[in-house]
Amino acid sequence: MTKALIGAGCFWGIEEYYRKIDGVLDTKVGYSGGHTLNPSYEDVCTGTTEHVEVVKIFFDENII
């Protein structure tokens, strides 16, 4: 299994897109970067934490 971390403006749409691709085994959403430890969704939405919304994609490299 291989992993990729994809940053985007909003992780919900990107996660849904990747989940539909044959060979994607799992996805996880979260935040990367920034200076606040364990920020909440509300914290990140303020734009003051400097986090980016990301999706970690687990996929089979033999298929993709």
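Structure first, text after, so check above.
A brief report on the enclosed structure follows. For every chain, the first residue of the written sequence is number 1, and numbering continues from 1 onward in sequence order. Where local features are concerned, this predicted model is filtered to residues with pLDDT of at least 70; where side-chain atom pairs are given and counted, the filter is 80 or more; whole-chain, interface and lining totals use all residues. Side-chain calculation: all heavy atoms of the structure are included, whereas hydrogens and water are not.

## Thoughts on the packing of aromatic side chains
Here a ring pair, both rings aromatic, is described through the centre-centre distance and the interplanar angle of the planes. Only Phe, Tyr and Trp rings take part, Trp by its six-membered ring, and two of them pair if their centres are within 6.5 Å. Stacked means planes under 30 degrees apart, edge-to-face means over 60, and tilted covers everything else. As enumerated under the stated definition, the model contains 3 aromatic pairs in all. Ring centres of tyrosine 17 and tyrosine 18 lie 5.2 Å apart, and the angle between their planes is 90°; on these two criteria the pair is classed as edge-to-face. Put simply, the rings of Phe11, Trp12 and Tyr31 touch in pairs and so form one group of aromatic residues.

## Digging into the side chain of threonine 27
Here threonine 27 shows up in strand 2 (residues 24-33). For every residue, the accessible area (1.4 Å probe, protein chains only) is compared with the maximum for its type, and the residue is labelled buried under 20%, exposed over 50%, or partly exposed between those bounds. We classify threonine 27 as buried; its relative accessible area is 7%. At 2.8 Å, the side chain of threonine 27 and the side chain of glutamate 15 are in polar contact. Throughout, a contact is declared for two residues whenever any of their heavy atoms are within 4.5 Å. Setting aside chain neighbours within four positions, we find threonine 27 in contact with Glu15, Arg19, Val55, Lys56, Ile57 and Phe58. In this text, helices come from DSSP runs of H or I with a minimum length of four residues, and strands from runs of E with a minimum of two, each type numbered from the N-terminal end. Polar contact is the term for a pair of N or O atoms within 3.5 Å; when the atoms are in protein, one must be able to donate a hydrogen and the other to accept it, and sequence-neighboring residues count only if both atoms are side-chain atoms.

## Things to note about the sheet that holds strand 1 (residues 2-8)
Here, a strand pair is defined by DSSP locating no fewer than two bridges between the strands. The antiparallel open sheet is built from 3 strands, whose spatial order is 1-3-2. Looking at which strands have only one partner, the edges of the open sheet turn out to be strand 1 and strand 2. In this sheet, adjacent strand axes meet at a mean angle of 25° when their direction is disregarded. Summarising the sheet, strand 2 and strand 3 (residues 51-59) pair through 9 bridges and their orientation is antiparallel. For lysine 28, the partnering residue across the bridge sits in strand 3 and is lysine 56. Interaxial angle, 0 to 180 degrees, is taken between N-to-C directions of lines fitted to C-alpha atoms, where a helix line uses only the stretch in contact. On top of the sheet, helix 1 (residues 11-19) reaches strand 1, strand 2 and strand 3; it is set at about 160° to strand 2, its chief contact.

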